[in-house]
Amino acid sequence: MHKLSYYHGTTIAHRLYPLTKFGWLLAGTILLFFLQDGRLLIFTSAVCAVALFGINPQIGKIRGFRLVLFTGILLCLLYVLFEKTGTVIVNPGVNILSITTGGILMGLRFSGRFLSIVFISYIFILTTDPSDLAYALMKVGLPYRYGFMLVTALRLAPVMEEEGRTIYQAQLSR
């Protein structure tokens, strides 16, 4: 399993200025909350997934990625099963198993929004060097201590995860 951290690359996303990527992250996240059409949100998450696979073809091996996909699919299924607005499409005789158009659209809306936000965040994390981001933020006026705090947090999170796993494995071996 690979850690979710910066990977050096030569893609267009890697070459963008860190504040530009941060602006795209914020703008994309805000825009996703204004979009209400589930089909458009699922399309957006599919485009983000394709971009993510273009940036790192081994994205499926990054820890947590499959959990995100499973959570998005489960979220969609829960809305399909429990949201009963709209017209009934499938009625197997049991009310709880009936599928409605409102349930499908709500499931697509919320799972698409969830997956799109997570995929955009993954793109930002995988293509932005923490040092470059901190230096860019300090250039626009962020105090040095906050920039240093950001770099330290982004670099130590994978290290702390590895140390936690080592301690866990040591406890299991006892």
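Remember, it's a predicted structure, so these values are computed and weren't measured experimentally.

**A few points about the pattern of salt bridges**
The final tally for this structure, using the stated rule, is two salt bridges. Taking the shortest distance from any N to any O, the salt bridge between Arg165 and Glu162 comes out at 2.6 Å. Residue Arg165 and its partner Glu162 are both found in helix H7 (residues 144-173); the two are separated by three residues, about one turn of the helix. Residue Arg165 is classed as partly exposed on the basis of its relative accessible area of 25%.

**Some thoughts on a nonpolar patch on the surface**
Where nonpolar side chains cluster on the molecular surface, the patch consists of Leu67, Phe70, Leu74, Leu78, Leu81, Phe82, Val94, Ile96 and Leu97 and spans about 840 Å² of accessible area. Tracing the chain through its elements places Leu81 in helix H4 (residues 65-82).

**Considerations on the side chain of Arg109**
With respect to the helices and strands, the residue Arg109 is situated in helix H5 (residues 101-127). One buried charge, Arg109, has no salt-bridge partner; the nearest side chain with opposite charge is Asp37, at 7.3 Å. Engagement of the side chain of Arg109 in a polar contact is seen with the backbone oxygen of Gln36, the distance being 2.9 Å.

**A word on the packing of aromatic side chains**
Taken as a whole, this structure holds six aromatic pairs when the rule is applied. Ring geometry for Phe53 against Phe65: centres 6.1 Å apart, planes inclined by 90°, an arrangement best described as edge-to-face. Taken together, the residues span a long stretch of sequence, with Phe53 in helix H3 (residues 38-55) and Phe65 in helix H4 at a distance of twelve residues. We classify Phe53 as partly exposed; its relative accessible area is 40%. On the numbers, 4.9 Å between centres and 15° between planes, the contact of Tyr79 with Phe110 is stacked. Taken together, the residues span a long stretch of sequence, with Tyr79 in helix H4 and Phe110 in helix H5 at a distance of 31 residues. Exposure remark for Phe110: the relative accessible area of 27% places this residue in the partly exposed category. Of the aromatic side chains, those joined through ring pairs into one cluster are Phe53, Phe65, Phe119 and Tyr122.

**Describing the packing of helix H2 (residues 18-34) against H5**
The description of two packed helices rests on the angle between their axes and on the distance between the axes. Running from amino to carboxyl end, H2 crosses H5 at an angle of 175°, the nearest separation of the two axes being 10 Å. Considered as vectors, H2 and H5 are oriented roughly antiparallel to each other. In this structure, H2 contributes Pro18, Lys21, Phe22, Leu25, Gly28, Thr29, Leu32 and Phe33 to the contact, and H5 contributes Arg113, Ser116, Ile117, Ile120, Ser121, Phe124 and Thr127. Broken down by class, the residue content of the contact of H2 with H5 amounts to eight nonpolar, five polar and two charged.

Parameters and conventions
Residues numbered from 1 in each chain as written. Predicted model: local features only at pLDDT ≥ 70, side-chain atom pairs only at ≥ 80, totals over all residues. Heavy atoms only, no water. Salt bridge = Lys/Arg side-chain N within 4 Å of Asp/Glu carboxyl O. Helix = DSSP H or I, 4+ residues; strand = E, 2+ residues; numbered from the N terminus. Buried < 20%, exposed > 50% of the residue type's maximum accessible area, 1.4 Å probe, protein only. Patch = residues over 30% accessible without salt bridge, like charges linked within 9 Å, V, L, I, M, F, W, Y side chains within 5 Å. Areas by Shrake-Rupley, 256 points an atom, 1.4 Å probe, with all protein chains shown as cover. Lys, Arg positive; Asp, Glu negative; His and termini not counted. Polar contact = N/O pair within 3.5 Å; in protein donor to acceptor, adjacent residues only side chain to side chain. Phe/Tyr/Trp six-rings, centres within 6.5 Å; stacked < 30°, edge-to-face > 60°. Axes fitted to C-alpha atoms, helices over the stretch in contact; angles between N-to-C directions. Parallel < 35°, antiparallel > 145°, perpendicular 65-115°, else oblique. Contact = heavy atoms within 4.5 Å. Nonpolar A, V, L, I, M, F, W, Y, C, P; charged D, E, K, R; others polar.

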